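Inside the fold
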Amino acid sequence: MGRPAGRKNRPKPGGVTADLFAEPIPVGARAASAPSTDAPRLTHADPADWPVHPDWQPLLARFWAGSTGQALLAQLRARLAAGAVIYPPQPLRALTHLAPAAVRVLILGQDPYHGPGQAEGLAFSVAPGVKIPPSLRNIFKELRRDLGYSEPAQGSLMAWADHGVLLLNTSLTVEDGQAGSHASLGWQALTDEIVCEVSRKSKACVSLLWGAHAQAKAQAIVQTAARHGHAAHVLCANHPSPLSALRAPTPFMGCGHFGQAQAWLQAQGLDWCWPELDAPAR
């Protein structure tokens, strides 16, 4: 759900849509997290049980068959066996709604929310009825400032996912209460492949890279799109967390990414605009 850079010259991983950040603890040295609630969680690490759009299957099959994918699954299974509570229950949910060629906007963060009942497999999104986290609240504030949209009363971004927005994190799982805890498991190798597949297949895509870890993929996105003759536009800003949303030199608040993305896609000849998420709370 990316995290802003921490101390100077040293970005510290943290929850992409989380608002409290902590230094990742080496996986082998971490004690199992105690279940906080009966909130949905990952119960087993088997990609066969993680549905995706068929057009992603060839890429994923190659990844899971390789050494990096196998090592990632082994570490997830080891943590589950140790009693770790891991979110979300469907790590690849962002890939269920869209084929790579259908992606018009890529929103890239870092890792999922680490609180119970929050992460749902779509970066920055929470299910209806879940309290809107501060990072997502800042996203809604910037959307309102930029395009005049009403701030939604709920935090589901499913309408965006259904409209060509790929809501992705650089790391796709996290342990309960431990931001950045899976930053070194190997997810970044898979998400590198995912963003490059979008650049290979989508003829026009805007990438909104929020936070230092997301921005590390900018060059690969642009170069891959250029090799395939596709149009790509990359916009970078700090993570929308209150810890960094106003921080120079690229504050999230006031970045204008929503309007810029919409205008660029329309300039490519596409009839595309951000859908309204819902009516404001009364």
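Residues numbered from 1 in each chain as written. Predicted model: local features only at pLDDT ≥ 70, side-chain atom pairs only at ≥ 80, totals over all residues. Heavy atoms only, no water.

Side note on unusual backbone geometry
Of note, the amide linkage connecting Tyr87 to Pro88 takes the cis form, showing an omega dihedral of -10°. Mapped onto the elements, Pro88 comes out in the loop between β1 (86–87) and β2 (105–109). With an omega of 5°, the peptide bond running from Ala248 to Pro249 counts as cis. Of note in the backbone geometry, Phe124 takes a positive phi value of approximately 70° without being a glycine. Structurally, Phe124 is set in the loop between β2 and α3 (134–147). (Helix = DSSP H or I, 4+ residues; strand = E, 2+ residues; numbered from the N terminus.)

Focus on the side chain of Asn138
One can find Asn138 in helix α3. Judged by its relative accessible area of 11%, Asn138 falls in the buried class. With residues up to four places along the chain from it excluded, the contact list for Asn138 reads Pro240, Ser241, Pro242, Ala245, Phe252 and Met253. (Buried < 20%, exposed > 50% of the residue type's maximum accessible area, 1.4 Å probe, protein only. Contact = heavy atoms within 4.5 Å.)

Description of the sheet that holds strand β5 (residues 204–210)
The pairing of strands in a sheet comes from backbone hydrogen bonds and takes either a parallel or an antiparallel form. Here we have 4 strands laid out as an open sheet, ordered β3-β2-β5-β6, and parallel in their pairing. Strands with a single pairing partner mark the edges of an open sheet, and in this sheet they are β3 (165–169) and β6 (231–237). Taken over all neighbouring pairs, the strand axes of this sheet differ in orientation by 15° on average, direction set aside. Packing against the sheet, helix α8 (residues 257–267) makes contact with β2, β5 and β6, and its axis sits at approximately 165° to β5. (Pairing = 2+ DSSP bridges. Axes fitted to C-alpha atoms, helices over the stretch in contact; angles between N-to-C directions.)

Some details on the nonpolar core
In this structure, Trp64, Leu92, Ile107, Trp160, Leu166, Leu190 and Trp274 are the most contacted members of the largest nonpolar core, which totals 75 residues. If you tally residues by element for this core, the top one is β5, at 6 residues. Beyond its immediate sequence surroundings of up to four residues, Leu92 is in contact with Trp50, Pro51, Val52, Leu60, Trp64, Leu172, Trp187 and Leu190. (Core = buried A, V, L, I, M, F, W, Y, C linked by side-chain atoms within 4.5 Å.)

A look at the packing of α3 against α8
Relative to each other, α3 and α8 sit at 60°, their axes nearing to 8 Å. In this view, α3 runs oblique relative to α8, as classed from their interaxial angle. Contacts between α3 and α8 involve Ile139, Glu142, Leu143, Asp146 and Leu147 from the former and His257, Phe258, Gly259 and Gln262 from the latter. Classifying every residue of the contact of α3 with α8 by side-chain character gives 4 nonpolar, 3 polar and 2 charged. (Parallel < 35°, antiparallel > 145°, perpendicular 65-115°, else oblique. Nonpolar A, V, L, I, M, F, W, Y, C, P; charged D, E, K, R; others polar.)

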